[in-house]
Amino acid sequence: MTEFAVASDRNESQLFYKRLAPFTAFGELMDDRHYRQVPDDWMVVLTDIKGSTQAIADNRYKDVNLLGAASIVAVLNRTSDRSIPFVFGGDGATILVHQSELERIAPALQATLRLAREAFRFEMRIGVVPVSELSAQGFQIEVAKFGVSNKASFAMIRGGGVSAAEKIVKSGLNLIEEEFTSIEARESAFEGLSCRWNPVRSRRGEMVSLLILAKGENAKKTYRDVLERIDSILSSDSQAVSLEKIEPGLRLSNLKREFDIQTVGQSLARKLKRIMSIAIEVVTMRVLIMTGWSMGTFSAEKYALEMVEQSNSKKFDDMLRMIRDCSREEYRQIEEFLNAERKAGRLNYGLHASNEAMVTCLVFNLDDHIHFVDGGDGGYALAAKRLKEQLATSIEAEP
């Protein structure tokens with residue numbers, strides 16, 4: 001009887017996120033009823049690229065984005081169930097997994113380290129921190145599920161535990177070490193990671209990457225007020241990704257990046273086969289979208305609509321992250337508002353403006369796909385640089 005009870009509790013823990021009911025109005029982001037505490041037998045997996053700011057300065061921001069997304073798809077391809085919480089941060093990711101998945105995902109994490117070195121010449125840092133360790137230090141992690149369609153949802157994470165885990169990993173503790181990974185493990189690790197769309201151009205003037213970190217005991221209220229105020233400033237067409245903006249990409253540089261990821265460690269014959277497959281798939285998709293034709297049960301129009309719905313341009317992982325398309329006047333008003341809130345001691349923020357956004361796709365099949373959005377020219381990473389500068393030069397609240 002005791003053994004059955006323990007097994008039952010473990011099963012409930014493994015399924016806690018899958019069974020979590022999604023909320024669909026982003027304005028309810030801070031509503032306590034949507035959040036559940038992550039059980040202690042889960043783990044926080046953190047990935048980030050060392051020197052990403054310099055890489056972005058060297059015009060390699062697309063490479064940074066792809067590698068950050070690669071760590072997510074590698075884990076999802078190895079877990080027994082893809083219903084796990086994760087947040088894409090631009091130059092890395094936060095992923096939560098049950099401890100029973102660790103042995104299964106370890107080769108994928110090691111393959112990601114090897115991919116970073118072999119295909120991109122980047123040094124990547126991947127760490128794993130037990131939730132129980134964070135709980136023992138007084139930190140907690142709460143998760144909600146934001147439903148963007150009847151097929152897709154994204155995790156929202158709060159509570160301070162992830163920020164504490166980042167400090168542990170960046171101090172050099174709890175790191176995954178690169179070890180030998182078989183050709184087979186590397187071939188399957190990154191299936192589904194796709195780079196086939198041109199950057200999404202702003203139609204209103206500025207594609208803004210926005211990070212907001214609220215302060216103090218009233219942080220929840222601050223986030224609610226910020227969302228309400230920004231929504232009041234922006235017009236209804238401020239969505240980063242829309243049907244009018246998306247365009248299938250035929251840039252050889254994009255296809256080469258995808259090819260390098262998909263074929264790392266493979267033989268020449270397999271590489272040639274894969275590049276032909278990528279080229280055929282890209283041309284076919286472009287023709288279907290331009291003509292409106294269907295192929296069997298696949299509709300390009302339906303896929304494009306789902307792509308818009310299932311693009312992850314608003315998220316939360318101990319801070320608010322958004323990509324929005326706005327006019328220069330709206331940008332000025334947002335910055336003016338946030339600067340006033342900072343002077344009042346309620347928050348710190350980072351902004352970065354570009355004329356485009358980048359879309360990185362995880363396509364497990366044509367009926368199961370999600371899309372990560374980051375601002376062009378460095379997006380979230382450069383907004384984070386500005387946020388860090390504010391944190392290093394905190395100011396006293398004005399009366």
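Residues numbered from 1 in each chain as written. Predicted model: local features only at pLDDT ≥ 70, side-chain atom pairs only at ≥ 80, totals over all residues. Heavy atoms only, no water.

K.L.:
Run through the environment of K271, naming residues and quoting values.
P.N.:
In this fold, K271 is placed in helix α10 (residues 268-291). Linking K271 and A304, residues 33 residues apart in sequence, is a C-alpha distance of 28 Å. The contact partners of K271, leaving out residues within four places of it in the chain, are F259, T263 and Q266. (Helix = DSSP H or I, 4+ residues; strand = E, 2+ residues; numbered from the N terminus. Contact = heavy atoms within 4.5 Å.)

K.L.:
I'd like a description of the pattern of salt bridges, backed by residues and values.
P.N.:
Within this structure, the stated rule accounts for 31 salt bridges. One salt bridge in this structure joins D31 and R33, with 2.7 Å as the shortest N-O distance. Judged by its relative accessible area of 22%, D31 falls in the partly exposed class. Notably, a salt bridge pairs E206 with R328, separated by 3.5 Å at the nearest N-O pair. (Salt bridge = Lys/Arg side-chain N within 4 Å of Asp/Glu carboxyl O. Buried < 20%, exposed > 50% of the residue type's maximum accessible area, 1.4 Å probe, protein only.)

K.L.:
Report on the sheet that holds strand β7 (residues 153-158), specifying residues and quantitative values.
P.N.:
Across the sheet, which stays open at both edges, the three strands sit in the order β1-β6-β7 with antiparallel pairing between neighbours. The sheet is open, and its two borders are formed by β1 (36-37) and β7, each paired with just one other strand. Of the pairings in the sheet, the one linking β1 to strand β6 (residues 142-147) comprises two bridges and is antiparallel in character. By the bridge assignment, R36 is partnered in β6 with V143. (Pairing = 2+ DSSP bridges.)

K.L.:
Can you break down a nonpolar patch on the surface residue by residue, with the values?
P.N.:
A contiguous nonpolar patch, built from L268, L272, I275, M276 and I280 and spanning about 520 Å² of accessible area, is present on the exposed surface. Residue I275 is classed as partly exposed on the basis of its relative accessible area of 40%. (Patch = residues over 30% accessible without salt bridge, like charges linked within 9 Å, V, L, I, M, F, W, Y side chains within 5 Å. Areas by Shrake-Rupley, 256 points an atom, 1.4 Å probe, with all protein chains shown as cover.)

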